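# Architecture and fold: a report
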Amino acid sequence: MGLTGFGVFFLFFGMILFFDTALLAIGNILFVTGLSFVIGLERTFRFFFQRHKAKATGFFLGGVCVVLIGWPIVGVVLETYGFFLLFRGFFPVAVGFIRRIPVLGSLLNLPGISGLVDKVGESNTMV
């Protein structure tokens, strides 16, 4: 969890500092390494390389490579799109969990935010 947390921190800090390439590269490496330590190497490989997630994996890992090459803004855009495609099945679970937290749940029910959260939280997969 620590490596993943540091990865997210470095990604966020790299974006705050006007897309600093070094911080974004460190954040990408720490995030992917932390994810593999949390769920295991085999499960990480199976998660990223499923047939129906090939496009999402391509965008995410392609974005990581583009950041490592030195084009941080384009890389972050590709990574973000790939991240949302990869983890879109998890968003309804996360929104449901956050809605049960007392203060955050009431914030998510505000008029302007509620519609957006409902759109993100709906599941369009048959699970």
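Everything numeric in this text was worked out from a predicted model, so none of it was measured.

## Points about the overall build of the protein chain
Helix and strand counts for the protein chain stand at eight helices and zero strands. Taken from N to C terminus, the helices and strands of the protein chain fall in the order α-α-α-α-α-α-α-α. Counting every position in the protein chain, which comprises 127 residues, the buried fraction comes to 33%. Pairs at least 24 residues apart make up 47% of the contacts formed inside the protein chain by residues separated by at least 6 positions. Element-wise, carbon and sulfur atoms account for 75% of the exposed surface of the protein chain, whose accessible area totals about 8,600 Å². If the 9 positive side-chain charges of the protein chain are averaged to one point and the 5 negative ones to another, these points end up 10 Å apart.

## A word on the packing of helix α2 (residues 21-39) against helix α3 (residues 41-48)
One way to put it is that α2 packs onto α3 with a least axis distance of 6 Å and a crossing angle of 115°. Here α2 contributes L35, S36 and I39 to the contact with α3, which in turn contributes L41, R43, T44 and F48. Its residues assigned to classes, the contact of α2 with α3 shows four nonpolar, two polar and one charged.

## Details of the confidence of the model for the protein chain
For the protein chain, mean pLDDT is 89; residues scoring 70 or higher make up 96% of the total. Within the protein chain, helix α4 (residues 54-69) carries the highest mean pLDDT (94), whereas helix α8 (residues 111-121) carries the lowest (83).

## Brief notes about the side chain of T4
With respect to the helices and strands, T4 occurs in helix α1 (residues 2-16). For T4, the side chain forms a polar contact with the main-chain oxygen of G34, separated by 3.3 Å. Those residues within four positions of T4 in sequence are excluded, and the remaining contacts are L30, F31, G34, L35 and V38.

## Describing the pattern of salt bridges
Applying the stated criterion to the full structure yields two salt bridges. Between E42 and R46 there is a salt bridge, with its nearest N and O atoms 3.8 Å apart. Taken as a pair, E42 and R46 lie in helix α3 at a separation of four residues, close to a single helical turn. Note on E42: relative accessible area 57%, which makes it exposed. For the salt bridge of D118 with R99, the shortest nitrogen-to-oxygen distance reads 2.5 Å. Here D118 is found in helix α8, whereas its partner R99 is found in helix α6 (residues 91-99), with 19 residues between them in sequence.

## Quick word on the environment of G40
Note that G40 resides in the loop between α2 and α3. Note: C-alpha distance between G40 and K53 (13 residues apart in sequence) is 18 Å.

So, how was this worked out
- Residues numbered from 1 in each chain as written.
- Predicted model: local features only at pLDDT ≥ 70, side-chain atom pairs only at ≥ 80, totals over all residues.
- Heavy atoms only, no water.
- Helix = DSSP H or I, 4+ residues; strand = E, 2+ residues; numbered from the N terminus.
- Buried < 20%, exposed > 50% of the residue type's maximum accessible area, 1.4 Å probe, protein only.
- Contact = heavy atoms within 4.5 Å.
- Areas by Shrake-Rupley, 256 points an atom, 1.4 Å probe, with all protein chains shown as cover.
- Lys, Arg positive; Asp, Glu negative; His and termini not counted.
- Charge placed at Lys NZ, Arg CZ, Asp CG, Glu CD.
- Axes fitted to C-alpha atoms, helices over the stretch in contact; angles between N-to-C directions.
- Nonpolar A, V, L, I, M, F, W, Y, C, P; charged D, E, K, R; others polar.
- pLDDT = per-residue confidence, 0-100.
- Polar contact = N/O pair within 3.5 Å; in protein donor to acceptor, adjacent residues only side chain to side chain.
- Salt bridge = Lys/Arg side-chain N within 4 Å of Asp/Glu carboxyl O.

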